[in-house]
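Structural characterization, general
Letter by letter, the chains look like this.
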Amino acid sequence: METSMWRALLYLVGLLIFAGVNAAWLGWCERKGAARIQRRIGPCEAGFAGLLQPLADGLKLMSKQLLVPQGVDGIIFRVAPVLAMIPAITSMAVIPFSENIGARAMELSVLLLFALASIGMISILLGGWASGNKYAIISAARSVSQSLAYEIPMLLTVITVVLISGSINLREIAIDQQGGFWHWNIFRLKNGHFLTMWISFIIFFICSVAETNRAPFDMAEAESELVAGFMTEYSSMGFGLFMMGEYLNIVVGACLTATLFLGGWDCPFGLTPGVWWFVVKIYALIFTFIWIRWTYPRTQIYRLLNLSWKILIPFSMANLLVTAALIKVF
Amino acid sequence: MGEENVPASIVQFAQLDKLLNLGRANSLWPMTFGLACCAIEMMCTGGSRFDISRFGAEVFRPSPRQSDVMIVAGTINKKLELAVKTLYDQMPEPKWVIAMGNCAISGGPFKVKGNYNVVEGADKLFPVDVYIPGCPPRPEALLEGIITLEEKITGKRRWPRVHPG
């Protein structure tokens, strides 16, 4: 692969634009989706169909007083929101958007993505801890226990995909699934893998909802119990960065799900594969995230942990064993 | 309560200020709190029939640090006085207050001789931008209050004013 300066610059600017547009307008999608699900209209006064709403919110958040309360840990309090954004944008560098579009085709891209996801969790911990607010600390502790609990089944299901594809490179995994939906990892009619791979997909999707702190698993910002969770003390763009980080995490989660299970840029019918199919897939997944959030009520923290430790981890272990056995048999 | 003296800044950015005010007026995030029965009407305004989200104001933030407008919806009792005052002080600038309902305006039916437990009006505690009369005001009145607050921020009214009669 050629490594010219222009290529790196182009990808840098392109990924930043992609991240910025998504972080801003997914908020609009969420508000509009929530409104439609609740039989409301949603934002409609700011621009056509409320499309200028993110600009208004951004202007307001940027021009609001950036308040650093007394008794907070100054440096960590300021660094934590930035730390929520950076890993999400960085992990976009290794995502293959199509066969030819992808900033870096690293050998260990799956590992890199999960390492960066853990840094995103640390930003919540630091933000909550530096605030010096008891609700924020409770929220940070909850968030860490949730992330720990859900990373285990998530990685176990990723191992099944890696076993089948024989590669830990996202691009290789996507290339391995080309040629129609029956080649995708979620169905995988080629060998006996269709027996277990849909279970992997369901476990992975539940875990990615939990990893991105979305309802029904948004224990970190349960406003009926914890005011606003780890961002209770954040005003202005500190709060804005946390929100944008959350949306970017959703985008990365959807990209990862589409690449690992839904064939990446592959067309379901074996025609015109390309970046448009990837975009269709990730936005369908993101819509599912929004749909789940506004349909299910928030669960409780001990039920959340029980779901992971008592159900998802045993199931994903068994799933891994059966998949490995199937690979040996067929 | 004395007048609040805000010194004008030395350098003026007229167009930028207009743009920022337009942004602020279109995303007035209220604080999630209700004091009495007016809060029921406030919740109804967020519901599907009246839909406060059309004006970008449906993001009820639970933390005062992230909210722009405080809708004082209901009677302020003496016991709650300190809590409400603290919430106002915790909001970062720029911030606005809407006094919703007769109790928040003046104490309403509780402004009687020998009143011992009700604060007679939210403006005894902090400056109020918009007063919405009614006991309780209908959701349309709260929407009108939001539009009036937008008019106060930008200097322009969103829709032409409707005169009764």
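Above this text sits the structure in question.
Residues numbered from 1 in each chain as written. Chains lettered and ligands numbered in written order. Predicted model: local features only at pLDDT ≥ 70, side-chain atom pairs only at ≥ 80, totals over all residues. Heavy atoms only, no water.

**Some thoughts on the sheet that holds strand β2 (residues 96-100) of chain B**
Across a sheet, paired strands are connected by hydrogen bonds in the backbone, their directions being either parallel or antiparallel. Residue and element names in this part refer to chain B. Taken together, three strands build an open sheet; the order of strands is β1-β2-β3 and the sheet is parallel. A strand with exactly one partner marks an edge of an open sheet, and here the two such strands are β1 (69-73) and β3 (130-132). Taken over all neighbouring pairs, the strand axes of this sheet differ in orientation by 15° on average, direction set aside. One ladder, built from five bridges, connects β1 with β2; its direction is parallel. Paired with Val-72 across the strands is Ala-99, a residue of β2. (Pairing = 2+ DSSP bridges. Helix = DSSP H or I, 4+ residues; strand = E, 2+ residues; numbered from the N terminus. Axes fitted to C-alpha atoms, helices over the stretch in contact; angles between N-to-C directions.)

**Description of the packing of aromatic side chains**
If you walk through the whole model with that rule in mind, you get 14 aromatic pairs over all chains. Ring centres of Phe18(A) and Phe97(A) lie 5.5 Å apart, and the angle between their planes is 80°; this geometry places the pair in the edge-to-face category. Of the two residues, Phe18(A) sits in helix α1 (residues 5-37) while Phe97(A) sits in the loop between α3 (74-91) and α4 (109-131), which places them 79 residues apart along the sequence. Residue class for Phe18(A) comes out partly exposed when judged on its relative accessible area of 22%. Put simply, the rings of Phe201(A), Phe204(A), Phe205(A), Phe261(A) and Phe289(A) pair up and form one aromatic cluster. Directly above the ring of Trp29(B) sits Lys60(A), whose terminal nitrogen or CZ lies 3.4 Å from the centroid. Here the basic side chain of Lys95(B) rests over the ring of Tyr88(B), its NZ or CZ set 4.2 Å away from the ring centre. (Phe/Tyr/Trp six-rings, centres within 6.5 Å; stacked < 30°, edge-to-face > 60°. Buried < 20%, exposed > 50% of the residue type's maximum accessible area, 1.4 Å probe, protein only. Lys NZ or Arg CZ within 6 Å of the ring centre and 35° of its normal.)

**Considering a nonpolar patch on the surface**
All names here are of chain A. A grouping of Trp-6, Leu-9, Leu-12, Val-13, Leu-16, Ile-17 and Val-21 is seen on the molecular surface, where their side chains present a nonpolar patch of about 720 Å² in accessible area. One can find Leu-16 in helix α1. Overall, the relative accessible area of 44% leaves Leu-16 in the partly exposed class. (Patch = residues over 30% accessible without salt bridge, like charges linked within 9 Å, V, L, I, M, F, W, Y side chains within 5 Å. Areas by Shrake-Rupley, 256 points an atom, 1.4 Å probe, with all protein chains shown as cover. Salt bridge = Lys/Arg side-chain N within 4 Å of Asp/Glu carboxyl O.)

**Topic: the nonpolar core**
Core analysis: the largest hydrophobic core is formed by 73 residues, its most contacted members being Met92(A), Tyr150(A), Phe204(A), Leu260(A), Phe261(A) and Phe278(A). Element by element, the count of residues in this core is highest for helix α8 (residues 236-260) of chain A, at 13 residues. Ignoring anything within four residues of it in the chain, the contact list for Phe204(A) reads Phe114(A), Met154(A), Thr157(A), Val158(A), Leu256(A), Thr257(A), Leu260(A) and Phe261(A). In terms of nonpolar packing, the next biggest core, distinct from the first, is built from 23 residues, Ile52(B), Ile146(B), Leu149(B) and Ile153(B) among them. (Core = buried A, V, L, I, M, F, W, Y, C linked by side-chain atoms within 4.5 Å. Contact = heavy atoms within 4.5 Å.)

**Examining the interface of chain A and chain B**
Facing 31 residues of chain A, the contacting portion of chain B comprises 30 residues. Roughly 2,500 Å² of surface becomes buried between chain A and chain B when both sides are summed, with 55% attributable to carbon and sulfur atoms. In terms of surface lost to chain B, no three residues of chain A exceed Glu45(A), Lys60(A) and Lys64(A), which account for 25% of the buried area on that side. Between the two partners, chain A and chain B, sit six salt bridges. A salt bridge links Glu58(B) to Arg31(A), with the shortest nitrogen-to-oxygen separation between them at 2.8 Å. At the junction of chain A and chain B, the tally comes to 23 residue pairs in polar contact (both at pLDDT 80 or more). Mapped onto the side of chain A that touches chain B, the elements with two or more residues apiece are α2 (53-62) and α8 of chain A. Tallying contributions element by element places α2(A) first for the side of chain A that touches chain B, with six residues. A per-class count over the side of chain A that touches chain B returns 14 nonpolar, eight polar and nine charged. (Buried area = accessible area lost by both parts, 1.4 Å probe. Polar contact = N/O pair within 3.5 Å; in protein donor to acceptor, adjacent residues only side chain to side chain. Nonpolar A, V, L, I, M, F, W, Y, C, P; charged D, E, K, R; others polar.)

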